[in-house]
Each structure stands twice: as structure tokens, then as C-alpha cells.
Amino acid sequence: MSNRRPSVVLAMAPGNVERLFDDHLRRRLTELCDLDLGLVLHDFHTPEAATALASAEMLLTCWGCPPLTEDVLRTAPELRAVIHAAGSVKGFVTDACWRRGLRVSSAAAANAVPVAEYTVAMIVLAGKRAFPIQSAYRADPTSRAWAATYPDLGNYGITVGVVGASHVGRRVISLLRSYDVTILLADPTIDEAHAQGLGATLVDLDELVRRSDVVSIHAPNIPKTHRMFDSRRLGLMRDGATLINTARGQLVDTEALVAELSTGRIFAILDVTDPEPLPAGHPLLALPNVVLTPHIAGSLGNEIRRMGALAVDELERYVRGEPFAYAVTENRLPLLA
């Protein structure tokens, strides 16, 4: 381990430090760098912030970090790196950061773990028709031939379509490899050999939608993907298929989805919506073939410490003079969530 101890400043919303770092991680932080755990910046335009930023070599950030504008960077002449203990850095990493040549790392890979776990759990439950059966059983708790009611019930040999080879999409594929399912992948940024290496068959998006029993969205929210699931594409889904969205609500045309779901032809499991949250009385809240959760797939509760651990690991690599394992680059940023 290098004896060099960079000066690190925390920049995030109050309360995140306790959620990110348990006693073990706090000890590691104090061993690796010069850091005041009691100083947490959530406004870069205070005298306290000016003093801290003047000598900061690195910012350790999380949700609530203010934008790193040109003016802010002028007050941080020694700043060389940003480690973000959360997912997307788009909300605060500006063009000025790239012009400065800052090294940036993100814990998006750690945040992908619970999203992928949630997704696979929902895929399994969707295949078992657990949600409609649960509702029917609560209304009438008698024994019935459920397989006769749902002749497609089960997960053996189903086809799962993964939309996007993101951190989450890749982990979903990895987890699904232990199941007896066929995995399709649609992502214009990778080739067939890459997809095969992940454990999936690369197809175009329309083919994926046509062939899949479950379609799971893991694409970034960028102009090219806005409402990629419109009325035409939703109409391609097989009767009885399930659409799962744990990415961003804007990737699906909500009105078109409501129209398709209202026919009873398909199912949907939505952890994200557009708008979010849904207003009272929205049709999605009443449709029986929709499962809604309030954006809980990502890191919550004890899962947040996984992101803290990744951030500390990245800090240790920095201290050792090694490259970040989870670097974010300017050219890749537009393709990320």
C-alpha cells in the first residue's frame, strides 16, 4: 500500500454517509486518505465548502451532490478525481469536469446487483403467474386447476428478452444462465460474439419482442430510447407475455401501454413509470394485469452499503496508483443511464 494519503471531501445529501459506510468502511476510509467524516458538502457555495475544496484532491460523492460547474472547479484547483458511491453521474459531472481531465468512477455496477435480483425474481414470478393467481386466490381461496386456467404457466423453456447490455442487463443474463430458459439480447452497441460470450443470442429489438415470453428493459434513458416501446412495438408482444421495466419510465409510451394492457392481452411489471409517481386515479393503478412497485429495485436499506464498499475499493485503487475498475469516460457517458 502506498503511503500517499490524498485529501478527500464528501459531497452528497446529509444522511447518506451513515447509509453508505458502516464502521468497517469508515475505518478503511480513514486509513486510506485524509478525510473529515463530519464534513459533508451539499452546497459548494459556502465558506466552509470553499475551504474544503481548496485542497481537495478527490470528491467522494453520492445522491445530492451539487453540479461541478466551471465556477466550482475554480475553487478546487487540486481536484483530480471523483468517486461516485451511486449510479448515474449525469446530474453533477459537467463538461467542465472533462475539460479539467478529472478521473471519474461510479458505483453503477454495485447498484445493478439489486436491480438484477429484483428483475429475475419478477421473471420467475411472472412465469408462475403468481400475481394473477394470488389475486384470484385471495378473492376465492378454494382449490383450482391453476394450470388449466393458465396453460402457459411455468418457466421451463420460456424465452426471456433482455433489452440492453447495461450493468443490470448483463447481470440479469448471468443470473438467468442457471435457469432452463432461452435468453435473447437486443443492444446495438455490441456484436453477436459479445452477446454469445454473455450467454445470450443477439437479435434486433422487434424480433426480441415478438419471440419473448418476458421482455425486460435495461436500456439507458437517452434520446434514441425515448418511448422505444410505443404502440407498434407493444403490439408485437406475444399474447400472455410480460413486460418488465426497471430502467426508466420514459422508455415506454405510457398511454400506449395502458391501451395495450386494457385489452388484457399482456401483463406488465413496472418499478418505474412516466410520470413518476403516478397521480391518483391513473389507469395503471387499477388495471389487474399490472404489478406496480415504487422504484424500489435499486439500492435501498442495507444494499446501499454495497455501493459504499465499491467506492472505498476504488479509492484504494487510486491510492495505489491503479486505474479505476469502474471508470466513467466522457465518450461513454451518453450511452449510460
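Rules of the game
Residues numbered from 1 in each chain as written. Predicted model: local features only at pLDDT ≥ 70, side-chain atom pairs only at ≥ 80, totals over all residues. Heavy atoms only, no water. Axes fitted to C-alpha atoms, helices over the stretch in contact; angles between N-to-C directions. Helix = DSSP H or I, 4+ residues; strand = E, 2+ residues; numbered from the N terminus. Parallel < 35°, antiparallel > 145°, perpendicular 65-115°, else oblique. Left-handed = near helix turned anticlockwise from the far one by under 90°. Contact = heavy atoms within 4.5 Å. Nonpolar A, V, L, I, M, F, W, Y, C, P; charged D, E, K, R; others polar. Pairing = 2+ DSSP bridges. Phe/Tyr/Trp six-rings, centres within 6.5 Å; stacked < 30°, edge-to-face > 60°. Buried < 20%, exposed > 50% of the residue type's maximum accessible area, 1.4 Å probe, protein only. Lys NZ or Arg CZ within 6 Å of the ring centre and 35° of its normal. Polar contact = N/O pair within 3.5 Å; in protein donor to acceptor, adjacent residues only side chain to side chain.

Trainee: Looking at this model, I keep getting lost on the packing of helix 6 (residues 108-127) against helix 14 (residues 304-319). Mind explaining?
Mentor: Between helix 6 and helix 14, the shortest axis-to-axis distance is 8 Å and the interhelical angle comes to 150 degrees. On the basis of their axis angle, the class for helix 6 and helix 14 is roughly antiparallel. Seen from above, helix 6 lies across helix 14 with right-handed handedness. Across the interface between the two elements, Ala109, Ala110, Asn111, Val113, Pro114 and Glu117 of helix 6 pack against Arg306, Met307 and Leu310 of helix 14. The class makeup of the residues in the contact of helix 6 with helix 14 is six nonpolar, one polar and two charged.

Trainee: Please explain the side chain of Glu57 as it appears in this structure.
Mentor: Mapping Glu57 onto the fold places it in the loop between helix 3 (47-54) and strand 3 (58-61). In this structure Glu57 touches Arg4, Pro6, Ser7, Glu78, Leu79, Arg80, Ala81 and Tyr318, once residues within four positions along its chain are discounted.

Trainee: Even after reading the chapter, I still don't get the sheet that holds strand 2 (residues 34-41), so can you show me in this structure?
Mentor: Backbone hydrogen bonds are what pair the strands of a sheet, in a parallel or an antiparallel way. Taken together, six strands build an open sheet; the order of strands is 2-1-3-4-5-13 and the sheet is mixed. At either end of the open sheet lies a strand with only one pairing partner, and these are strand 2 and strand 13 (327-328). Relative to the sheet, helix 3 contacts strand 1 (7-11), strand 2 and strand 3, its axis offset from that of strand 2 by approximately 155 degrees.

Trainee: What is the right way to read the packing of aromatic side chains from this model?
Mentor: Aromatic ring pairs are defined here through the distance separating the ring centres and the angle between the ring planes. For the structure on display, the rule yields one aromatic pair. Measuring from ring centre to ring centre gives 6.2 Å for Tyr318 and Phe324, while their planes differ by 25 degrees; the resulting arrangement is stacked. For the pair shown, Tyr318 and Phe324 are each scored as buried. Here the guanidinium or amino end of Arg103 rests over the ring plane of Phe324, the centre of that ring lying 4.6 Å away.

Trainee: Got a minute to help me understand the environment of His167 in this structure?
Mentor: For His167, the position within the fold is in helix 9 (residues 167-176). Considered as a pair, His167 and Ala116 are 51 residues apart in the sequence and their alpha carbons are 8.8 Å apart. Leave out the neighbours within four places in its chain, and His167 touches Ala108, Ala109 and Ala112.

Trainee: Please explain the pairing of strand 1 as it appears in this structure.
Mentor: Each regular strand carries side chains that alternate between the two faces of the sheet. In terms of residue burial, strand 1 counts as a mostly covered element, since four of its five residues are buried. As paired elements, strand 1 and strand 2 share four bridges and run parallel to each other. Following the sheet pairing, Val8 is matched in strand 2 by Leu35. The pairing of strand 1 with strand 3 spans four bridges and is parallel. Its bridge partner lying in strand 3, Leu10 is registered against Leu60.

Trainee: What should I look at first to understand the environment of Ala311 in this one?
Mentor: By the secondary structure assignment, Ala311 is in helix 14. Since its relative accessible area comes to 1%, Ala311 is described here as buried. In sequence terms Ala311 and Leu20 are 291 residues apart; their C-alpha atoms lie 9.4 Å from each other. With near-sequence residues (within four places) excluded, Ala311 lies in contact with Leu60, Ile83 and Ala85.

Trainee: Mind showing me how you'd approach the side chain of Asn16 here?
Mentor: Position of Asn16 relative to the elements: it lies in helix 1 (residues 16-20). On the basis of relative accessible area, Asn16 is assigned to the buried category, the value being 4%. A polar atom in the side chain of Asn16 sits 2.9 Å from the backbone oxygen of Trp63. Residues in contact with Asn16, not counting those within four places in the same chain, are Cys62 and Trp63.

Keep in mind that these numbers describe shape and distance, not what the molecule does.
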